[in-house]
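# Reading the structure
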Amino acid sequence: MRKFDLAAMFPTAEPAWQKTAAWWNARSGRAQWLIGITLGLLIVWLLVSAIVLPIQRTRAAALADIRTYESLSARIRNAGGLGDRPAQPEAGGSPTAILSATAAQYGIVPVVNGEAAGLRVTVADAPYDGLIRWIAAVEQSSRLRIMKMRLTRGTAGGLVSADLTVTA
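Owing to the predicted nature of the structure, the values given are computational and were not obtained by experimental measurement.

### Points about the side chain of Ser-141
With respect to the element layout, Ser-141 can be found in helix H5 (residues 128-141). At a separation of 2.7 Å, a polar atom in the side chain of Ser-141 contacts the main-chain carbonyl oxygen of Ala-137.

As structure tokens, then:
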């Protein structure tokens, strides 16, 4: 077995090592103990401040995040469904009557063509938000479904024209 030889491993560090050893040996036993204890305390402080404390801070932050997410998750579970709405009575009558009646509430004038199986509805220059709300109201309050929709920009800002295919 080979002896641990620092000079062979680091030949350029040999003069510094010899100076450090000479300095250490020039100190009294009491001074060596005090320097050793001070260096030990410095190493312990460095380990704690550079390794242990950051790990503890990260762990505490992670636990706080977990608590926050768990409480939010519990709130969401207890809140119920977001889409739950009271049941609306289904609109009755012919598809043309349903479309016209609901369109009047949103200031839209639809032109309905075709039979009950596949209606073509044309809307000219209607406000975009009113048209979208009308479509949502028709689908929520009746058995009618919008199967196809083509929107085109209207003559003024915020207005659109639409061609819809509606099935019962």
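### Here's the deal with the nonpolar core
Within the largest apolar cluster, 18 residues are counted, with the highest numbers of intra-cluster contacts made by Val-123, Leu-131, Trp-134 and Leu-164. Looking at this core, the elements with two or more residues in it are helix H4 (95-105), strand E2 (119-127), H5 and strand E4 (159-167). Setting aside anything within four residues of it in sequence, one finds Trp-134 in contact with Leu-99, Thr-102, Ala-103, Tyr-106, Ile-108, Pro-110, Val-121, Val-123 and Leu-164.

### Overview of the confidence of the model for the protein
When pLDDT is averaged along the protein, the result is 87; 90% of the residues meet or exceed 70. When the elements of the protein are averaged for pLDDT, helix H1 (residues 6-9) gives the smallest value, 75, and helix H3 (residues 29-79) the largest, 94.

### Observations concerning unusual backbone geometry
Phi at Asp-125 is positive, roughly 45°, even though this residue is not glycine. With respect to the element layout, Asp-125 can be found in strand E2.

### Some words on the side chain of Thr-102
Inspection of the secondary structure assignment puts Thr-102 in helix H4. Taking relative accessible area as the criterion, Thr-102 reaches 8% and is therefore assigned buried. The contact partners of Thr-102, leaving out residues within four places of it in the chain, are Trp-134, Val-138 and Ser-141.

### Some thoughts on the sheet that holds strand E1 (residues 110-114)
One open sheet holds the four strands; their spatial order is E1-E2-E4-E3, and the pairing between them is antiparallel. Edge positions in the sheet fall to E1 and strand E3 (145-153), since each of these pairs with one other strand and no more. On average, each strand axis in the sheet is tilted by 20° relative to the strand beside it, whichever way the strands run. By the bridge criterion, five bridges tie E1 to E2 in an arrangement that is antiparallel.

Parameters and conventions
Residues numbered from 1 in each chain as written. Predicted model: local features only at pLDDT ≥ 70, side-chain atom pairs only at ≥ 80, totals over all residues. Heavy atoms only, no water. Helix = DSSP H or I, 4+ residues; strand = E, 2+ residues; numbered from the N terminus. Polar contact = N/O pair within 3.5 Å; in protein donor to acceptor, adjacent residues only side chain to side chain. Core = buried A, V, L, I, M, F, W, Y, C linked by side-chain atoms within 4.5 Å. Buried < 20%, exposed > 50% of the residue type's maximum accessible area, 1.4 Å probe, protein only. Contact = heavy atoms within 4.5 Å. pLDDT = per-residue confidence, 0-100. Pairing = 2+ DSSP bridges. Axes fitted to C-alpha atoms, helices over the stretch in contact; angles between N-to-C directions.

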